[in-house]
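# Geometric and topological summary
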Amino acid sequence: MMNRILYAFLILFVMQSCKKDDDIKMMYLAHTLPQTHPVHKGILEFQKALNEKSGGKIQIKIFPDGQLGSEREALELLQIGSVAVTKVSAATLSNFVPEYHILGIPYLFKDKQHQYDVLEGEVGKSILEKGSKFWLRGLCYYDAGSRSFYTSNKAIRKPEDLKGLKIRVMNNQMAINMVEALGGSPTPMAYGELYTAIQQGVVDGAENNPPSFVSSNHYEVSKYYTLDQHSSVPDVLLIGTKFWEKLTAEEKQWVQEAADESSQAEKVFWQNSVEESMETARKAGVEIIIPDKFLFQEQSKSVLEAFVKEHPEMSEMINKIKNQ
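The text that follows walks through the structure, step by step, so that each part is easy to find. Sequence order as written defines residue numbering, which begins from 1 separately in each chain. pLDDT decides what is reported in this predicted model: residues at 70 or higher carry local features, side-chain atom pairs at 80 or more are listed and counted, and totals for whole chains, interfaces and linings draw on all residues regardless. Hydrogens and water are ignored here; the side-chain numbers use all heavy atoms of the structure.

### Some details on the sheet that holds strand 3 (residues 85-89)
For clarity, the threshold we go by: Here, strands pair whenever DSSP counts at least two bridges between them. Each helix corresponds to a stretch of at least 4 residues labelled H or I by DSSP, and each strand to a stretch of at least 2 residues labelled E; elements are numbered beginning at the N terminus. A fitted line through C-alpha atoms serves as each axis, taken over the contacting stretch for helices, and the angle formed by two N-to-C directions is quoted from 0 to 180°. We call two residues in contact when some of their heavy atoms are within 4.5 Å.
The five strands are arranged 2-1-3-10-4 in an open sheet whose pairing can be described as mixed. The open sheet has two edge strands with one neighbour each: strand 2 (58-63) and strand 4 (136-142). Taken over all neighbouring pairs, the strand axes of this sheet differ in orientation by 25 degrees on average, direction set aside. This element, helix 3 (residues 71-80), spans strand 3, strand 4 and strand 10 (235-240) of the sheet and lies at about 145 degrees to strand 3. The strands touched by helix 6 (residues 122-130) within the sheet are strand 4 and strand 10, with strand 4 carrying the most contacts at an inclination of about 145 degrees.

### As for the side chain of aspartate 228
Using the following cut-off: For each residue, the accessible area found with a 1.4 Å probe, counting protein chains only, is set against the maximum for its type, and the residue is called buried under 20%, exposed over 50%, and partly exposed in between. Note on charges: Lys and Arg go in the positive column, Asp and Glu in the negative column, and His and the chain ends are not counted at all. When a carboxyl oxygen of Asp or Glu lies within 4 Å of a side-chain nitrogen of Lys or Arg, that pair is called a salt bridge.
Within the secondary structure, aspartate 228 sits in strand 9 (residues 224-231). Here aspartate 228 is buried and forms no salt bridge, its nearest opposite-charge partner lysine 293 lying at an N-O distance of 8.2 Å.

### What about the environment of serine 89?
Note that serine 89 resides in strand 3. Taking the C-alpha atoms as reference, serine 89 lies 8.3 Å from alanine 144; in sequence the two are 55 residues apart. Apart from residues no more than four positions distant in its own chain, serine 89 is found in contact with Glu71, Val233, Pro234 and Asp235.

Structural data, given as structure tokens:
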């Protein structure tokens, strides 16, 4: 990890040395996604909107594809001020800002509109602000879809069908607890190893959103995709407080407005990607299963109960979300 950070320092140092116009504030933005990803397209909208609002006085240089390291490494670069902005999953961010754990609770949101209302409302904004004490100020959320189960040989139509199945999950306690509650055997594994693991039967399946299911080619080795939509963990656009505090009040307004506009644009990019991905999976012969989500929600209630018991200070925020 240290070598990656030193490499990032070197790139940024060279670019700073080549800087020609002191009137222009350059923001370096690092993320791990490919340039075809709908979230990257949202970031391009952020870049465009900020350039227009500032009249070119604030510009963004984007480093996609993990050029400056993993999500965690990008967050560390943000904290020390070497990078101004990054995009990470709320799941990764929860290791720095505990409140983001809430957004990973299974079946937290009633539907997509409820999720948007929460994230763009009082609760969502308060979570974004809580990162400031860790030098990570949230600007907005990007839609990262809903995660659902896919399997190679056995269809999942009800929670009982998960019994005995090895399901790859992120190395995240919430995800592990959820699969256990549903009767499956959670198997943390590197994402890059998953295609072969499904193909060879090391695991029986995994869970992810439709664009990831297709872009990873996992649809080639999975016969069934069950849209139980158990979690909807968003991505988060963050700015380092070291950079934020150097901005004038007007510049801060430009940045926030540009971020908000990009968040709305990204929703459309994401939905288009979901529709294209589902069509690709159907044409490849994947059976798309629409289960009774209530059964899965009831079976996974223990995950929420265990979380509230461990983090009682977050129960008020969870209740606000559920009652909104």
